[in-house]
Amino acid sequence: MTESGPIGASKPSAEDSNKLAFGTFMGVFTPSVLTILGAIMYLRFGWVVGNAGLSSTIIIVLLANLVTLATALSVSALATSQKVGVGGAYYLVSRSLGLAMGGAVGLPLYLSQAVSITLYSYALVEALQYIWPTLPLQITAAGLVIVITLGAARSTSFALKSQAFILIAVALSIASLLWGADWSAPISVADGTYNDSSVNGFWDVFAVFFPAVTGILTGLSLSGDLRDPEKSLPLGTISAVLVGFIIYIFVPLALAHHGDVAALNDNPLVWLSVAAVPMLIFPGLISAILSSALGSVLAAPRTLQALSDDTILPARLGRLSDGQPKIATWVSGIVALFA
């Protein structure tokens, strides 16, 4: 046994050299809450309300957030009971259950994070196509993967600090929606109708919504870059869950007062017809998707670095340059590009 867990644990020197001394707000809360407040909130929340109705939507929000709150509390318990190093969820699992179980979780976790870069790049291009319909989807998405990877490889600090501006854009768009809602109008869809042909009931709608609340893993993945991970991980993760929960209660309330039920079901950009300042919605939408992509391109290399530190993968992949896992970042970008 070593200080941080079983034999094969990440070397303290590698962890210490990788720390960029981020605090709770910038290193955990901001990337987590921005991944929570992402594309599903903007493009699918109207659909959720239109199909499930307001009462069932509130239940969906409560259930989904109970799951993530339980996860956040588990993360908090683990983070405060041991020295936390680079690797986020993989690190905590491997130090709690051993390297064999950690590797079984870590490899698919890494691939999911790398492929998420592709997913969010496609989502960003699809959002841009509402403004520029002739924009080529696949070529532009590939270009975004390259640009996002280059930005993350150049500076983790720059990528995280840029999220402060993204947070402002998202906050303004939510404020515009809540301000523009007709709170005096009757609730247009109190009960579920499930009119969409692809929906068979409550749990189908829940399945569409649930990924919206899973963004807490983004902040957790930056554990090796935190000044005080034992303090920042619990505080930042639980705060992000609670803030996301509050916003996810008010957004469906605002949308449920919208009189056009057909628009809730069929118009992904129904926010534009509700918001007091519609021009604030697109910057918030695009910024939120970009933030999710940045979160993935920061998370995947650190999981790969931790796997290589534990000799599950070749050590070369986790080699640091200027305190950052640049080789792992390039490899993650290549995986995303192939995806």
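Residues numbered from 1 in each chain as written. Predicted model: local features only at pLDDT ≥ 70, side-chain atom pairs only at ≥ 80, totals over all residues. Heavy atoms only, no water.

1. Concerning the overall build of the chain
Here's step 1: Along the backbone of the chain there are 15 helices and zero strands.
Here's step 2: The C-alpha atoms of the chain give 20 Å as radius of gyration, which agrees with the globular expectation for 339 residues (20 Å, within 12%).
Here's step 3: Here the C-alpha coordinates of the chain stretch approximately 60 × 40 × 35 Å along the principal axes.
Here's step 4: Expressed as a percentage of the 339 residues in the chain, the buried residues total 54%.
Here's step 5: Contacts in the chain between residues far apart in sequence, at least 24 positions, make up 82% of those at least 6 positions apart. (Helix = DSSP H or I, 4+ residues; strand = E, 2+ residues; numbered from the N terminus. Rg over C-alpha atoms; globule rule 2.2 N^0.38 Å. Buried < 20%, exposed > 50% of the residue type's maximum accessible area, 1.4 Å probe, protein only. Contact = heavy atoms within 4.5 Å.)

2. Regarding the pattern of salt bridges
Here's step 1: Scanning all chains against the criterion turns up two salt bridges.
Here's step 2: One salt bridge connects aspartate 225 with arginine 302, and the closest N-O pair in it is separated by 2.5 Å. With aspartate 225 in the loop between helix H10 (216-220) and helix H11 (229-256) and arginine 302 in helix H14 (residues 281-309), the pair connects residues that are 77 residues apart, well separated along the chain. The pair aspartate 225 / arginine 302 is uniform in exposure class, with both members buried. (Salt bridge = Lys/Arg side-chain N within 4 Å of Asp/Glu carboxyl O.)

3. What about helix H7 (residues 137-154)?
Here's step 1: Compared with an ideal rise of 1.5 Å per residue, which puts 18 residues at 26 Å, H7 spans 26 Å between its outermost C-alpha atoms and is within 8% of the ideal.
Here's step 2: Along H7, the residues that are buried comprise Thr140, Ala141, Leu144, Val145, Ile148, Thr149, Ala152 and Ala153.
Here's step 3: On its buried face, H7 sits against helix H6 (99-129), helix H8 (156-180), H14 and helix H15 (326-338). (Expected span 1.5 Å × (residues − 1).)

4. Side note on a nonpolar patch on the surface
Here's step 1: On the surface, a cluster of nonpolar side chains totalling about 410 Å² of accessible area is made up of Ile59, Leu63, Leu66 and Trp203.
Here's step 2: Note on placement: leucine 66 falls in helix H4 (residues 45-79).
Here's step 3: Classification of leucine 66 as exposed rests on a relative accessible area of 54%. (Patch = residues over 30% accessible without salt bridge, like charges linked within 9 Å, V, L, I, M, F, W, Y side chains within 5 Å. Areas by Shrake-Rupley, 256 points an atom, 1.4 Å probe, with all protein chains shown as cover.)

5. Some points on the nonpolar core
Here's step 1: If you look at the biggest cluster of nonpolar residues, it comprises 95 residues, and the most contacted ones within it are Leu37, Met41, Phe45, Phe209, Tyr248, Leu255 and Trp271.
Here's step 2: Leave out the neighbours within four places in its chain, and tyrosine 248 touches Ile36, Leu37, Gly38, Met41, Phe45, Val61, Phe209, Ala212 and Val213. (Core = buried A, V, L, I, M, F, W, Y, C linked by side-chain atoms within 4.5 Å.)

6. Structural notes on the packing of aromatic side chains
Here's step 1: Scanning the entire structure with this criterion turns up eight aromatic pairs.
Here's step 2: Ring centres of phenylalanine 202 and tryptophan 203 lie 4.9 Å apart, and the angle between their planes is 90°; on these two criteria the pair is classed as edge-to-face.
Here's step 3: Judged by relative accessible area, which is 56%, tryptophan 203 ranks as exposed.
Here's step 4: Grouped by ring-pair contacts, the aromatic residues Phe202, Trp203, Phe206 and Phe210 constitute a single cluster.
Here's step 5: One Lys or Arg, arginine 44, reaches over the ring of tryptophan 47 and ends 4.5 Å from the middle of that ring.
Here's step 6: The lysine or arginine in question, arginine 95, covers the ring of tyrosine 91, its NZ or CZ lying 4.2 Å from the ring centre. (Phe/Tyr/Trp six-rings, centres within 6.5 Å; stacked < 30°, edge-to-face > 60°. Lys NZ or Arg CZ within 6 Å of the ring centre and 35° of its normal.)

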